[in-house]
Amino acid sequence: MGSEIFWAALALALVLEGLLPLLAPRGWRSTFQKLMQLRDGQLRFFGLCSVLLGLALLWLVS
């Protein structure tokens, strides 16, 4: 059952990642271009925040 949950979570992440370019490609492209201008430290900070938020949500759900 553990691997089923992993694959379901991966599939859901792919669906969520694909929604913005599907629904608003111009806005997604503009946002992506802005992200490309950020420094490495800024990107790492956003990555860290994303990981911590994901872990907090997992903790709350379980």
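For clarity, every value in this text was computed on a predicted model and none was experimentally measured.

*Asks:* What is the right way to read the overall build of the protein from this model?
*Replies:* Looking only at helices and strands, the protein has 3 helices and 0 strands in total. Starting at the N terminus and walking to the C terminus, you meet the elements of the protein as α-α-α. Over its C-alpha trace the protein gives a radius of gyration of 15 Å, far above what one expects of a compact globule, namely 11 Å for 62 residues. Principal-axis analysis of the C-alpha atoms places the extent of the protein at approximately 40 × 30 × 20 Å. Accessible area of the protein: about 5,900 Å², with a carbon and sulfur share of 72%.

*Asks:* How do you make sense of the environment of W28 when you look at a structure like this?
*Replies:* Considering the arrangement of structural elements, one finds W28 in helix α2 (residues 25–36). Residue classification places W28 among the partly exposed positions, given a relative accessible area of 35%. W28 sits 20 residues away from L48 along the chain, and the two C-alpha atoms are 21 Å apart.

*Asks:* Looking at this structure, I do not really get the packing of aromatic side chains. What am I missing?
*Replies:* Centre-to-centre distance and the angle between the planes together describe a pair of aromatic rings. Under the definition given, this model contains 3 aromatic pairs. Measuring from ring centre to ring centre gives 5.0 Å for F6 and W7, while their planes differ by 75 degrees; the resulting arrangement is edge-to-face. Consider the rings of W28 and F32, whose centres lie 5.4 Å apart with planes at 15 degrees: the pair is stacked. Within this pair, W28 and its partner F32 are both found in helix α2, separated by 4 residues, close to a single helical turn. A relative accessible area of 41% means that F32 is categorised as partly exposed.

Quick notes on the rules
Residues numbered from 1 in each chain as written. Predicted model: local features only at pLDDT ≥ 70, side-chain atom pairs only at ≥ 80, totals over all residues. Heavy atoms only, no water. Helix = DSSP H or I, 4+ residues; strand = E, 2+ residues; numbered from the N terminus. Rg over C-alpha atoms; globule rule 2.2 N^0.38 Å. Areas by Shrake-Rupley, 256 points an atom, 1.4 Å probe, with all protein chains shown as cover. Buried < 20%, exposed > 50% of the residue type's maximum accessible area, 1.4 Å probe, protein only. Phe/Tyr/Trp six-rings, centres within 6.5 Å; stacked < 30°, edge-to-face > 60°.

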